[in-house]
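Read off the chains here:
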Amino acid sequence: MKIVQIGTGGWGKNHARVLSELGVLCAICDTNEQRSKEFGEKYHVNHYTSFEDMLNSEEFEGAFVVTPTSTHATIAKKLLEAKKHVFVEKPLTYKTEEGEELAKIAEKNKVILTCGYIERFNPAVDVVKSMVKEKKYGDLIMLEFHRENRMPLHIKDVGIIYDTSVHDIDTANWLFDEMPNVVFARSGQIKHEHEDFATIMLGYRDNKVAIITSNWITPKRIRKFHAICNDARISSDFITQEIKVEKQEDVEIIDNEKQEPLLREIQSFLNAIKGKSEHIVKAQQAVNVSKIAEAALLSSQKGVPIYLDLK
């Protein structure tokens, strides 16, 4: 299998490393000539500064789009129209109508379109998902997510909701196995052009709720979530992948095998291209995350809840 990657800045360098380790990377494209050359030589693959040149010169089955959010729609559309399988780093697009158009093109051309919501492939989330599905501690009632860190230097065109909160929006949808019907949010900006802190409440059926808190203000890197069930509180750390279950006076540490989520995510996409039945983020699910992020921004601006009717 041959895979190309467009964009090598920020998180993209990790995709290139994993794709090279898996032996499928055949070409790199980056508008920064120095970076394109550096990664091309590092991984012994062809390198380009023009996406069109790469598209016309290379034979490949799939592509990774790891570029600024504002460029996702244009690049992904050309790839899908060329009948290539496409993995787009999150969020899928900034405008939901662009995401919906991409999903239609992918369906028409019978190719895979997926999006990089990596926490679905975090072993810690896997374990919690199994607990919730089996109702090991009763019904899942509430989810709480907390992420904080300094703003990544490579993020230029979106705020914290589209860059960071979207991870937890997708994870909440995945754990509840449904879409929210109402969004209420508060956000603001202190140090940056876009919003750099936000709290989002997602309302689901039967009064179930997810509360997502994110900020780019504090220096410590935190990535944690709690799942509140009838009979227990399940706590997990996205970074350490540790899981703790608190049930009345008892605290149980759950053993689970630690793995690199990005490797699992990329392997899943490659297996899906091969026709294997793999769990991947569906295009419509990624579009819905963008719709929810869009609603969160609108809610924050208007100061009112936004009601949704998602597929």
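As shown above, the structure is provided for reference.
Read on for an overview of the structure. Not measured: the values here are computed from a predicted model.

Reading guide: rules and limits
- Residues numbered from 1 in each chain as written.
- Predicted model: local features only at pLDDT ≥ 70, side-chain atom pairs only at ≥ 80, totals over all residues.
- Heavy atoms only, no water.
- Helix = DSSP H or I, 4+ residues; strand = E, 2+ residues; numbered from the N terminus.
- Buried < 20%, exposed > 50% of the residue type's maximum accessible area, 1.4 Å probe, protein only.
- Polar contact = N/O pair within 3.5 Å; in protein donor to acceptor, adjacent residues only side chain to side chain.
- Contact = heavy atoms within 4.5 Å.
- 1 Å grid on protein atoms, 1.4 Å probe; cavity = no way out; pocket = protein on both sides within 12 Å on 5 of 7 lines; lining within 4 Å.
- Points joined across faces, edges and corners; volume = space filled by probe spheres on them.
- Nonpolar A, V, L, I, M, F, W, Y, C, P; charged D, E, K, R; others polar.
- Phe/Tyr/Trp six-rings, centres within 6.5 Å; stacked < 30°, edge-to-face > 60°.
- Lys NZ or Arg CZ within 6 Å of the ring centre and 35° of its normal.
- Pairing = 2+ DSSP bridges.
- Axes fitted to C-alpha atoms, helices over the stretch in contact; angles between N-to-C directions.
- Salt bridge = Lys/Arg side-chain N within 4 Å of Asp/Glu carboxyl O.

1. Quick look at the side chain of Asp168
(1) Moving on: Tracing the chain through its elements places Asp168 in helix H7 (residues 160–176).
(2) Moving on: Given a relative accessible area of 0%, Asp168 falls into the buried group.
(3) Moving on: Side chain to side chain, Asp168 and Arg147 meet in a polar contact 2.8 Å long.
(4) Moving on: Apart from the residues lying within four places of it in its own chain, the contact partners of Asp168 are Phe145, Arg147, Ile212 and Phe238.

2. Topic: empty space enclosed by the protein
(1) Moving on: Taken as a whole, this structure holds 1 cavity of 30 Å³ or more when the rule is applied.
(2) Moving on: Considering only enclosed or pocket space, the largest cavity measures out at about 30 Å³ in volume.
(3) Moving on: Together, Phe87, Thr114, Cys115, Phe121, Glu265, Phe269, Ile280 and Val281 line the largest cavity.
(4) Moving on: Of the residues belonging to the lining of the largest cavity, the class tally is 6 nonpolar, 1 polar and 1 charged.

3. Some words on the packing of aromatic side chains
(1) Moving on: Taken as a whole and assessed by the stated rule, the structure comprises 8 aromatic pairs.
(2) Moving on: Considering the side-chain rings of Phe64 and Phe87, the 4.5 Å spacing of their centres and the 25 degrees angle between planes classify their relative orientation as stacked. Residue Phe64 is found in strand E4 (residues 62–65), and its partner Phe87 is found in strand E5 (residues 85–89); the two are separated by 23 residues along the sequence.
(3) Moving on: Since its relative accessible area comes to 1%, Phe87 is described here as buried.
(4) Moving on: A ring pair is formed by Phe145 and Phe225, whose centres lie 5.7 Å apart and whose planes are at 20 degrees; its orientation type is stacked. With Phe145 in strand E7 (residues 140–148) and Phe225 in strand E11 (residues 222–229), this residue pair connects regions lying 80 residues apart in the sequence.
(5) Moving on: The buried category is assigned to Phe145, whose relative accessible area is 3%.
(6) Moving on: Residue Phe225 is classed as buried on the basis of its relative accessible area, which comes to 0%.
(7) Moving on: An aromatic cluster of at least three residues, connected via ring pairs, comprises Phe64, Phe87 and Phe269.
(8) Moving on: The ring of Trp174 carries the charged tip of Lys129 above its face, separated from the ring centre by 4.2 Å.

4. Examining the sheet that holds strand E15 (residues 306–307)
(1) Moving on: Taken in spatial order, the 9 strands make up an open sheet running E14-E13-E12-E11-E7-E10-E9-E8-E15, and their pairing is mixed. Two strands in the sheet have a free side with no partner beyond their single neighbour: strand E14 (250–254) and E15.
(2) Moving on: Relative to E11, E7 runs antiparallel, the two sharing 8 bridges. Within the sheet, the bridge partner assigned to His146 lies in E11 and is Lys224.
(3) Moving on: Where helix H6 (residues 123–134) meets the sheet, its contacts fall on E7, E11, strand E12 (233–237), strand E13 (243–247) and E14, and the angle it forms with E12 comes to roughly 165 degrees.
(4) Moving on: Of the strands in this sheet, E7, strand E8 (182–188), strand E9 (197–203), strand E10 (209–215) and E11 touch H7, which is tilted by about 155 degrees from E7.

5. As for the pattern of salt bridges
(1) Moving on: Within the structure shown, the criterion is met by 17 salt bridges.
(2) Moving on: Across the pair Lys90 and Asp163 runs a salt bridge, and its minimum N-O distance is 2.9 Å. One end of the pair, Lys90, is in the loop between E5 and helix H5 (96–108); the other, Asp163, is in helix H7, and 73 residues separate them in sequence. Pair check on accessibility: Lys90 and Asp163 agree, each one buried.
(3) Moving on: Note that Arg147 is salt-bridged to Glu119, the shortest N-O span being 3.0 Å. Taken together, the residues span a long stretch of sequence, with Arg147 in strand E7 and Glu119 in the loop between strand E6 (113–116) and H6 at a distance of 28 residues.
(4) Moving on: Overlapping salt bridges, with partners in common, bring together Glu178, Arg205, Asp206 and Lys208 in one network.

By themselves these figures say nothing about function.
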